[in-house]
Amino acid sequence: SMDHVRMAMLPLVRHALTAPVVGGDDPPDVRVEVSTRCPWPHARGEVTVSCSGVVKTTLPRSVDLADEGQVKRVRGIAWAVDVSPGLATRCATAAKGIFLNVLSDVYVFTDHTATKGAIHTRTPGFGIALCCETTAGGRVV
């Protein structure tokens, strides 16, 4: 899902794009924002991808994933579309209950979207996306 891309792949892209923006000193800011969600098979969600500038044409830095380190924090999002908001809350509570037995830094955000109006264009569903950050800076989805 796009939540996995946002939580795990964007830090790798930011790491690789360390060259400054043309005409500036700062590296580009790449963002992915999930506006609306929709589960499969009628996936009509909306995603906004933005980048703050044009990157110089240089080779990206390599990424060393040989030592992944130990898990230090867990972040995630539990979402529900056109179903009871309690389902997302229950998913978040269950995930936090498992991870809080071994970690103290766990945060799972809940997001509920309800279709308004007579036309039902989205598929109902719910899910959870979790990402663990390690002490070496790696991400495990």
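What you are looking at is a predicted structure, and each value in this text was computed from that prediction instead of being measured.

Enquirer: Where do I start with unusual backbone geometry in this structure?
Expert: Glycine aside, residues mostly have negative phi angles, and peptide bonds mostly take the trans form. Residue D82 is not a glycine yet carries a positive backbone phi of 55°. By the element assignment, D82 lies in the loop between β3 (71-81) and α2 (85-99).

Enquirer: Before we go on, may I ask you to explain α2 in this structure?
Expert: A turn of α-helix holds 3.6 residues, and therefore any two residues three or four places apart point the same way. Over its 15 residues, α2 extends 22 Å from the first C-alpha to the last, a length consistent with the 21 Å expected when each residue adds 1.5 Å. A88, C91, A92 and A95 are the residues of α2 that are buried. For α2, the buried positions fall inside an angular range of 95° around the axis, keeping them on one side. Its buried side turned inward, α2 meets β3, β4 (106-113) and β5 (125-134).

Enquirer: What should I look at first to understand a nonpolar patch on the surface in this one?
Expert: A cluster of nonpolar side chains, namely M2, V47 and V49, defines an oily patch on the protein surface of about 240 Å² accessible area. Mapping M2 onto the fold places it in helix α1 (residues 2-16).

Enquirer: What is the right way to look at the confidence of the model for the protein chain in this model?
Expert: Close inspection of predicted coordinates is inappropriate for parts of the model with low pLDDT. Per-chain confidence: the protein chain averages 79 in pLDDT, with 74% of residues scoring 70 or above. When the elements of the protein chain are averaged for pLDDT, α1 gives the smallest value, 75, and α2 the largest, 94.

Enquirer: Help me understand the pattern of salt bridges in this model?
Expert: A side chain of one charge can pair with a side chain of the opposite charge when the charged atoms of the two come close. Inspection of every chain in the model, using the stated rule, returns 5 salt bridges. Notably, a salt bridge pairs R73 with E133, separated by 3.1 Å at the nearest N-O pair. Residue R73 is found in strand β3, and its partner E133 is found in strand β5; the two are separated by 60 residues along the sequence. Put simply, D105 and R75 hold a salt bridge, and the shortest N to O gap is 3.0 Å. One end of the pair, D105, is in the loop between α2 and β4; the other, R75, is in strand β3, with 30 residues separating them in the sequence. The exposure class assigned to D105 is partly exposed, which follows from its relative accessible area of 27%. On the basis of relative accessible area, R75 is assigned to the partly exposed category, the value being 30%. Salt bridges sharing partners connect three or more residues here, namely K72, R73, R75, D105, E133 and R139.

Each value, and the rule that gives it
Residues numbered from 1 in each chain as written. Predicted model: local features only at pLDDT ≥ 70, side-chain atom pairs only at ≥ 80, totals over all residues. Heavy atoms only, no water. Helix = DSSP H or I, 4+ residues; strand = E, 2+ residues; numbered from the N terminus. Expected span 1.5 Å × (residues − 1). Buried < 20%, exposed > 50% of the residue type's maximum accessible area, 1.4 Å probe, protein only. Arc of directions from axis to C-beta. Contact = heavy atoms within 4.5 Å. Patch = residues over 30% accessible without salt bridge, like charges linked within 9 Å, V, L, I, M, F, W, Y side chains within 5 Å. Areas by Shrake-Rupley, 256 points an atom, 1.4 Å probe, with all protein chains shown as cover. Salt bridge = Lys/Arg side-chain N within 4 Å of Asp/Glu carboxyl O. pLDDT = per-residue confidence, 0-100.

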